[in-house]
Amino acid sequence: MKDVGEVVVAGVHATVYSNGAAVEASLGGPESLESLERLKRLLASWRSADALVLWGEGAWRLAPRVLEAARGSGLNQYILDFVDSVEAGLSGLGLEVIVKLRLERLLRGGAARARARLSPSKRVSRRDLLRNPLASLLVYLPTPLVDSGACARLPHCRLCLESCPVNAVDGKPPSIDASACTGCMECVYSCPAWALYPPGQSREGLTGYLDGLAREGFKGVLAVVEYGRLADLYALAGKGLKGVAVLPVHSLLHVHPRLAVEAAGRGITLVAYDPEGRSPGWLLEAEASGLAVRAASLETLAEAAAGGLAGPGAGSIESTYAFAGRVVVDPGKCTVCGACANVCPTGALAVKESGEAVELLFNEAKCTGCLECAAACPEDAVEVRWVTRPEGESWRRLAWSEIHRCPSCGAVVGPKKQVEAIARKLREAGLPEPVVRKAYLCPSCKAKEAWRSQPQQ
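Please read these numbers as outputs of a predicted model, since none were measured by experiment.

Please give an account of the pairing of strand β17 (residues 357-363) that cites residues and values.
Taking burial as the measure, the seven residues of β17 include seven buried ones, the bulk of the element. Judged by which residues are buried, β17 turns out to be covered on both faces: Ala357, Glu359, Leu361 and Asn363 on one side and Val358, Leu360 and Phe362 on the other are all buried. In the sheet, strand β16 (residues 349-354) pairs with β17 via six bridges, with the strands oriented antiparallel. Within β17, the position partnered with Val351 by the bridge is Leu360.

In structure tokens:
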């Protein structure tokens, strides 16, 4: 494949990834693919593919027709993507680079794992039914997939179960009842680990796409566009715009709120092209805080690409969606025991000794709002709030305590607040004062005290 930059590639081409290898094929001019029957025959020949990118002249215009053929013939429509020659000019990247990044996005995004079911009520042509009766009745679903490993790192989290309005989510890691799921994606938006995602939209796939753009030096906007609206972008060609990368999606509902945060962290602004006003609620909050732009028209998208809509907005605001997290600690309750830092899966919390004091530190840029720290706190001193964007990447102190030293040998025992809290709980439990005093000793002196208290033979 030739890196053609802004040059229009004649005809439409396909890059198909199957059985561990990518193969290219030339499909002719866009007009040669207008036949629905030819499209179905082509797609049937790629039924075993894990990912398929159609690219070149007119690819965006073909997208709705190809997706219709895929659904009609029982092909997994989630393994398909479309890269038009125009996109090279808008992004300033080579067409070869874009195709490669989008192919990787499909492969790493879990597109091939989309769930399917047989639908006897599906309307199919007699020809399709005779050609492949079983496959033609397949319907591939947007039902969220689960990254069990990411979910397992949050053992106390049940947010997806609590968020589902139809009780279609159950278990840990969760399983989703496809027959009950309505595709509202509330479980996806509530997952701080991004462990739930529609086919092709995993965290690994999308952050990999962003990283690929960043490696190419891309700075600008990431236009999130539904496949049925890709052809609208032809109107941007010839306007001299640069810095517009495209992320096609089957629905704007399929995007996790964290994508806007991840994009901003790489100097890229997420712009959702939404002329029909179907944006999910999280996108409205992201726009209010200046994290993303909701473009109801191509003019708004172009203005965002030109930097005309840049600005802080309202800044970081509290949210009901899992953009990012902010840990708030009650310093009167916190004993700086470090239980919260020990369970934090992203390293957003840390305990640090400084002279004769110990501090609990927090880095908001690392926090996903998973709630594990709050679940681990023995003093109920930790609260986690979801916010639309992290404030800064520096560490700040949430609580501190003097260091307590062993009265017998002077060794460090731990935070004074923690030692006093343990002693208080022992007294409240009715234990005798000699036992309570041992809480103030280091392990070595406790052992010596225990030995001395044993009856001598």
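What follows picks up the thread again.
Quick one: what's the story with the packing of helix α4 (residues 95-108) against helix α10 (residues 203-215), residue by residue and with numbers?
Relative orientation of the contacting elements α4 and α10 amounts to 160 degrees, with a least axis distance of 7 Å. Judged on the interaxial angle alone, α10 and α4 are roughly antiparallel. Here the hand of the crossing between α4 and α10 comes out right-handed. Residues Leu101, Arg102, Arg105 and Arg108 of α4 touch α10, and the partners they reach there are Glu204, Gly205, Leu206, Gly208, Tyr209, Gly212, Leu213 and Arg215. Residues belonging to the contact of α4 with α10 are distributed by class as follows: four nonpolar, three polar and five charged.

Now, about the sheet that holds strand β4 (residues 80-84): what can you tell me, with residues and values included?
As summarised here, the arrangement of the four strands in space is β2-β1-β3-β4, forming an open sheet in which the pairing is mixed. Each having just a single partner strand, β2 (21-28) and β4 make up the two edges of the open sheet. Neighbour to neighbour, the strand axes of the sheet diverge by 20 degrees on average, direction disregarded. Here strand β1 (residues 12-18) runs beside β2; their pairing, made up of seven bridges, is antiparallel. Directly across from Val16, in β2, lies its bridge partner Val23.

I'd like a description of the environment of Ser190, backed by residues and values.
With respect to the helices, strands and loops of the structure, Ser190 is situated in the loop between α9 (186-189) and β10 (196-197). For Ser190, a relative accessible area of 8% translates into the label buried. For the pair Ser190 and Lys40, spaced 150 residues apart in sequence, the C-alpha to C-alpha distance is 38 Å. Discounting residues that sit within four places of it in the chain, Ser190 has contacts with Leu159, Cys160, Ser163, Ala322 and Trp386. From its side chain, Ser190 meets the backbone oxygen of Cys187 in a polar contact 3.1 Å long.

Break down the sheet that holds strand β19 (residues 395-405) for me, citing the residues and quoting the values.
Taken together, four strands build an open sheet; the order of strands is β16-β17-β19-β20 and the sheet is antiparallel. Looking at the sheet topology across the chains shown, the edges are occupied by β16 and β20 (412-415). Across the sheet, the mean angle from the axis of one strand to that of its neighbour is 30 degrees, orientation sign disregarded.

Outline helix α12 (residues 281-288), supporting the account with residue identities and numerical values.
An α-helical turn contains 3.6 residues, so any two residues separated by three or four positions project in the same direction. Turning to α12, its buried residues are Trp282, Leu283, Glu285 and Ala286. Seen end-on, α12 carries its buried residues on one side only, within an arc spanning 160 degrees. Looking at the residues trailing α12, positive phi occurs at Gly290, about 85 degrees.

An account of the packing of aromatic side chains is needed here, citing residue identities and associated values.
The final tally for this structure, using the stated rule, is four aromatic pairs. Look at Trp60 and Tyr234: their rings are 5.5 Å apart centre to centre, the planes differ by 55 degrees, and that puts the pair in the tilted class. Taken as a pair, Trp60 in helix α2 (residues 59-72) and Tyr234 in the loop between β11 (220-226) and β12 (244-249) lie far apart in primary sequence, 174 residues in all. Both residues of the pair, Trp60 and Tyr234, count as buried. With centroids separated by 5.8 Å and ring planes inclined at 70 degrees, the aromatic side chains of Trp282 and Phe323 adopt a geometry described as edge-to-face. Of the two residues, Trp282 is situated in helix α12 and Phe323 in the loop between α13 (298-305) and β15 (324-329); the sequence distance between them amounts to 41 residues. Of the two residues examined, Trp282 and Phe323, each falls in the buried class.

Rules behind the numbers
Residues numbered from 1 in each chain as written. Predicted model: local features only at pLDDT ≥ 70, side-chain atom pairs only at ≥ 80, totals over all residues. Heavy atoms only, no water. Buried < 20%, exposed > 50% of the residue type's maximum accessible area, 1.4 Å probe, protein only. Helix = DSSP H or I, 4+ residues; strand = E, 2+ residues; numbered from the N terminus. Pairing = 2+ DSSP bridges. Axes fitted to C-alpha atoms, helices over the stretch in contact; angles between N-to-C directions. Parallel < 35°, antiparallel > 145°, perpendicular 65-115°, else oblique. Left-handed = near helix turned anticlockwise from the far one by under 90°. Contact = heavy atoms within 4.5 Å. Nonpolar A, V, L, I, M, F, W, Y, C, P; charged D, E, K, R; others polar. Polar contact = N/O pair within 3.5 Å; in protein donor to acceptor, adjacent residues only side chain to side chain. Arc of directions from axis to C-beta. Phe/Tyr/Trp six-rings, centres within 6.5 Å; stacked < 30°, edge-to-face > 60°.

Purely spatial values, then, with no claim about function.
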